[in-house]
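One-letter residues, chain by chain:
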Amino acid sequence: MTTWTELAKQHDLKYFLIAFVDLFGGMRAKLVPATAMDGVAKSGAGFAGFAAWFDMTPADPDVLVMPDMDTLTLLPWKPGVAWVTGDLYMGGKPVAQNPRQVLKGLIGKAAEQGVELKTGVECEYFLISPDGTAISDPADQQAKPCYDQQALMRRYEIVAEICDAMIALGWKPYQNDHEDANGQFEMNWEFDTALKTADRHAFFKFMVKSIAEKHGYKATFMPKPFANLTGNGCHVHASLWSTKDGSNVFEDEAGELGLSKTAYHFIGGLVHSAEAVCAITNPTVNSYKRINAPRTLSGATWSPNTVTYGGNNRTHMIRIPDAGRFEFRLPDGAVNPYLLPAALLAAGLDGMANSRDPGPRLDINMYTEGAKVPKAKQLPLNLLDALRALEASDVLKDQLGEAVVGSYLKLKHSDWNEHCRQLTEWERQTTLDC
């Protein structure tokens, strides 16, 4: 069996970043010299869980990260350093609220039914000034800047370095573009198993931020960093595959739009639990300024506010672009890379188990004709509404586990309460003379 020391020699590594993602999606790490890695890997890298976003106290023992060699990722922009993640333990037991282990639990439930979720994510981000007050490119001013070649090429050095890194890592990236907001970009790589995509999603955010900083800018995945511009989505493409014969369980040539009954039941599960899922896929106060936003400078928000699905139509929460897969357009850039597919699986497996009917497909423009569908469920208007929906969801509590849902709700309610304690300049301007 290969040791970490041997691995370090093989790749000329001096340091390992042993990392994990907490409940709020923040990445935490320790930098371990290669000379000490074998020992640290054996005992686990210790962290105080209370110092990260976990439902823990200073009296709790260390959270130990047991690094998994399969997650080894070399840092193309920082030769000699590798990133690695793994499972968390505390007091000799798995940490039930660890997002990565929550996802692995759902993957295990799916495996018991002979299926495996595969996902691809579209991570949108802004390149902004170091102080975060403006986009990085003053010349990027088009009213409809999506796919703007000039603006894309003005940031060629950053975009190309990130894409070159993905090529070197074997992710098979296939396109990079300027997105719908000024200063906004998206980079796509090939889909894979849900866990592998989640690990890469977590690393991608770290990589983009690091390379942006190297070039003197800041990258943000914040859902709505600028009120007049389109927000950062994190659309996920999902398909379900048989672990027995490798076939796509969602694909059916005879099915409507090329989807099987199983696929529609999966979608039905998402429709059924959408309001509760929203608390996970749209996890911040700022998230609801994206999904409930007025029209932006470009003329569209590109985000849903109702629980509907359609064909190749980007005005719905779920889009079916072609046979064998669907696109879930609700998640935003703040979503936890591991809780995203976990919530998707939780709702989808429930839909399959209960043969949930997603209702009729809508082939209308929901931005302009949504009022014609009075029975369409509305997505939560704010984080508090979403948290209350999650609290009421037996489906997500059962599928994800009471431990993680309870901890998540506790910390997110605290987050909401902190928000409510803030006094904004808008409040002062509008009510000071009352």
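A. Quick peek at unusual backbone geometry. A positive phi angle is found at Trp302, which is not glycine, with a value near 60°. Relative to the elements of secondary structure, Trp302 occurs in the loop between helix 8 (288-291) and strand 14 (309-310). For Trp302, a relative accessible area of 33% gives the class partly exposed. Phi at Ser355 is positive, roughly 45°, even though this residue is not glycine.

B. Broad picture of the side chain of Thr315. Mapped onto the elements of the fold, Thr315 is located in the loop between strand 14 and strand 15 (318-319). The buried category is assigned to Thr315, whose relative accessible area is 11%. In terms of polar contacts, Thr315 uses its side chain to reach the side chain of Asn313, at 2.7 Å. Within polar-contact distance, the side chain of Thr315 engages the backbone nitrogen of Met366 at 3.0 Å.

C. Just helix 13 (residues 402-420), in detail. Look at helix 13: 26 Å from first C-alpha to last across 19 residues, which is about the 27 Å you get at 1.5 Å a residue. Within helix 13, burial applies to Val404, Val405, Ser407, Tyr408, Leu409, Leu411, Lys412, His413 and Trp416. Each element contacted by the buried residues of helix 13 is listed here: helix 3 (99-112), helix 7 (261-281), helix 9 (339-353), helix 11 (383-391) and helix 12 (394-400).

D. The arrangement of the nonpolar core in detail. Counting residues in hydrophobic clusters, the biggest one holds 118 residues, and the most contacted among them are Tyr125, Ile162, Phe204, Met207, Phe326, Phe328 and Leu400. For this core, the element with the most residues is helix 7, which contributes 12 residues. Those residues within four positions of Phe328 in sequence are excluded, and the remaining contacts are His235, Val236, Leu270, Val277, Thr281, Met317, Ile318 and Leu344. Grouped together as the second largest cluster of nonpolar side chains are 6 residues, Phe126, Ile128, Phe226 and Leu229 included.

E. Quick look at the packing of helix 3 against helix 6 (residues 194-214). Helix 6 packs onto helix 3 with a crossing angle of 160° between their chain directions and a minimal axis gap of 10 Å. The angle between the axes of helix 3 and helix 6 places the two elements in the roughly antiparallel class. Both helix 3 and helix 6 take part in a crossing whose hand is right-handed. Residues Arg100, Leu103, Lys104 and Ile107 of helix 3 touch helix 6, and the partners they reach there are Ala194, Leu195, Ala198 and Asp199. Among the residues forming the contact of helix 3 with helix 6, the class breakdown is 5 nonpolar, no polar and 3 charged.

F. Spotlight on the pattern of salt bridges. Taken as a whole and judged by the stated rule, the model has 19 salt bridges. Arg28 serves as the salt-bridge partner of Asp22, at 3.0 Å between the closest nitrogen and oxygen. The exposure class of Asp22 is buried, given its relative accessible area of 0%. For Arg28, a relative accessible area of 27% gives the class partly exposed. Between Glu275 and Lys377 there is a salt bridge; the shortest N-O distance is 3.1 Å. Taken as a pair, Glu275 in helix 7 and Lys377 in the loop between helix 10 (366-369) and helix 11 lie far apart in primary sequence, 102 residues in all.

G. Geometry of the packing of helix 5 (residues 156-169) against helix 6. Running from N to C, helix 5 and helix 6 point in directions that differ by 140°, and their axes come no closer than 10 Å. Classified by the angle between their axes, helix 5 and helix 6 sit oblique to one another. The two elements helix 5 and helix 6 meet at a crossing, and its hand is right-handed. Here helix 5 contributes Ile158, Glu161, Ile162, Ala165, Met166 and Leu169 to the contact with helix 6, which in turn contributes Phe203, Phe204, Met207, Val208, Ile211 and Lys214. Looking at the contact of helix 5 with helix 6 residue by residue, the classes come out as 10 nonpolar, no polar and 2 charged.

H. Region of interest: the packing of aromatic side chains. For the structure shown, the criterion picks out 21 aromatic pairs. Plain terms: the ring middles of Phe24 and Trp53 are 4.6 Å apart, the flat faces sit at 20° to each other, and that makes the pair stacked. Of this pair, Phe24 sits in the loop between strand 1 (15-21) and strand 2 (27-33) while Trp53 sits in the loop between strand 3 (45-47) and strand 4 (63-67), placing them 29 residues apart in sequence. The exposure class assigned to Phe24 is buried, which follows from its relative accessible area of 18%. Overall, the relative accessible area of 40% leaves Trp53 in the partly exposed class. Relative to Phe206, the ring of Phe203 has its centre 5.8 Å away and its plane inclined at 80°; by these criteria the two rings are edge-to-face. Here Phe203 and its partner Phe206 are both found in helix 6, 3 residues apart, which amounts to about one turn of the helix. Accessibility expressed as a relative area gives 23% for Phe206, which makes it partly exposed. Through pairs of rings, three or more aromatic residues link up here, namely Trp77, Trp83, Tyr125, Trp171, Phe185, Trp189, Phe203, Phe204, Phe206 and Phe221.

I. Seen up close, the pairing of strand 2. With 7 bridges connecting them, strand 1 and strand 2 associate as antiparallel partners. Among the inter-strand pairings, Val21 is bridged to a residue of strand 2, identified as Met27. A loop of 5 residues connects strand 1 with strand 2, the two strands running antiparallel in sequence, and Gly25 in this loop sits at a positive phi of about 85°.

J. Examining the pairing of strand 8 (residues 115-128) more closely. Along strand 8, 12 of the 14 residues are buried, which leaves the element largely enclosed by surrounding structure. Bridge analysis of strand 8 against strand 13 (residues 234-242) gives 9 bridges, and the strand direction is antiparallel. Considered in strand 13, the bridge of Thr119 is made with Ala238. Both strand 8 and strand 11 (residues 192-193) contribute to a ladder of 2 bridges, which runs antiparallel. The residue bridging Thr119 from the neighbouring strand is Asp192, located in strand 11. Of the strand pairs in this sheet, strand 8 and strand 10 (residues 184-189) are connected by 4 bridges, and their pairing is antiparallel. Its bridge partner being in strand 10, Glu124 is matched across the sheet by Glu186. Looking at chain direction, strand 8 and strand 12 (residues 218-220) are connected through 3 bridges and run antiparallel. Paired with Leu127 across the two strands is Ala219, which belongs to strand 12.

About the criteria used
- Residues numbered from 1 in each chain as written.
- Predicted model: local features only at pLDDT ≥ 70, side-chain atom pairs only at ≥ 80, totals over all residues.
- Heavy atoms only, no water.
- Helix = DSSP H or I, 4+ residues; strand = E, 2+ residues; numbered from the N terminus.
- Buried < 20%, exposed > 50% of the residue type's maximum accessible area, 1.4 Å probe, protein only.
- Polar contact = N/O pair within 3.5 Å; in protein donor to acceptor, adjacent residues only side chain to side chain.
- Expected span 1.5 Å × (residues − 1).
- Contact = heavy atoms within 4.5 Å.
- Core = buried A, V, L, I, M, F, W, Y, C linked by side-chain atoms within 4.5 Å.
- Axes fitted to C-alpha atoms, helices over the stretch in contact; angles between N-to-C directions.
- Parallel < 35°, antiparallel > 145°, perpendicular 65-115°, else oblique.
- Left-handed = near helix turned anticlockwise from the far one by under 90°.
- Nonpolar A, V, L, I, M, F, W, Y, C, P; charged D, E, K, R; others polar.
- Salt bridge = Lys/Arg side-chain N within 4 Å of Asp/Glu carboxyl O.
- Phe/Tyr/Trp six-rings, centres within 6.5 Å; stacked < 30°, edge-to-face > 60°.
- Pairing = 2+ DSSP bridges.

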